[in-house]
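Descriptive analysis of the structure
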Amino acid sequence: QVQLVQSGGGLVQAGGSLSLSCAASRRIFMGWFRQAPEKEREFVAAITGSGDPYYADSAKGRFTISRDNAKNTVYLQMSSLKPEDTAVYYCAAKAVDYYSGYVTARGYDYWGQGTQVTVSS
C-alpha cells in the first residue's frame, strides 16, 4: 500500500506561478492529473522513479515535474498559469519504475486527496 499526501495549490492570477507537492511512502512512478468541473480527469505530467519526465502538450514549457527521492516527494512547478488551468489537481502513483500508459488515469493504483488550483483572469 502506498499513501500519497498532497500540498500546495491555491488561488493565483493569470500569468502567475504555483507549486504542488506529493509525498509518497516510497519511490515509485508518479503522475499529476487534473479535473475541471464537468470534465474528465486529464493527464498533466508524470515522472519515472529515475526522474525522467513526461508532459501533456498543455503543460510543456510551462510546468515542470521533478522529484526528490530522498524525501519520496514529487513536485509540480506551474508557471505562466492560465484560467483554463483551473482544476482540482491529483497526484497518482503506480508501483513500478516506468509505466508506459502514464496518460491514462485508470492505470494508476494510488491517488492523492486532490488540491484546488484556481487561476483568475
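For the structure given in this document, a descriptive report is provided here. Fair warning: this is a prediction, and the values are worked out from it, not measured in the lab.

The next thing to look at is the sheet that holds strand E3 (residues 18-24). If you trace the four strands from one edge of the open sheet to the other, you get E1-E3-E8-E7, paired in antiparallel fashion. Sheet topology places strand E1 (4-8) and strand E7 (63-68) at the edges, where each strand pairs with a single neighbour. Between one strand axis and the next, the sheet turns by 15° as a mean value, whatever way the strands run. With six bridges joining them, E3 and strand E8 (residues 73-78) adopt antiparallel strand pairing. For Ser21, the partnering residue across the bridge sits in E8 and is Tyr75.

Scanning all chains against the criterion turns up 12 aromatic pairs. Between Phe29 and Tyr98 the ring centres are 6.3 Å apart and the planes differ by 85°, which places this aromatic pair in the edge-to-face class. In this pair, Phe29 is assigned in strand E4 (residues 29-35) and Tyr98 in the loop between strand E9 (87-94) and strand E10 (110-111), connecting sequence segments 69 residues apart. Centroid distance Phe43 to Tyr102: 5.4 Å. Interplanar angle 50°. Geometry classified as tilted. Note that Phe43 is positioned in strand E5 (residues 42-47) and Tyr102 in the loop between E9 and E10, a separation of 59 residues in sequence. A relative accessible area of 9% means that Phe43 is categorised as buried. The rings of Phe29, Phe33, Phe43, Tyr54, Tyr90, Tyr98, Tyr99, Tyr102, Tyr108 and Trp111 are connected pair by pair, giving a single aromatic cluster.

Criteria and thresholds
Residues numbered from 1 in each chain as written. Predicted model: local features only at pLDDT ≥ 70, side-chain atom pairs only at ≥ 80, totals over all residues. Heavy atoms only, no water. Pairing = 2+ DSSP bridges. Helix = DSSP H or I, 4+ residues; strand = E, 2+ residues; numbered from the N terminus. Axes fitted to C-alpha atoms, helices over the stretch in contact; angles between N-to-C directions. Phe/Tyr/Trp six-rings, centres within 6.5 Å; stacked < 30°, edge-to-face > 60°. Buried < 20%, exposed > 50% of the residue type's maximum accessible area, 1.4 Å probe, protein only.

Read these as geometric descriptors, not functional statements.
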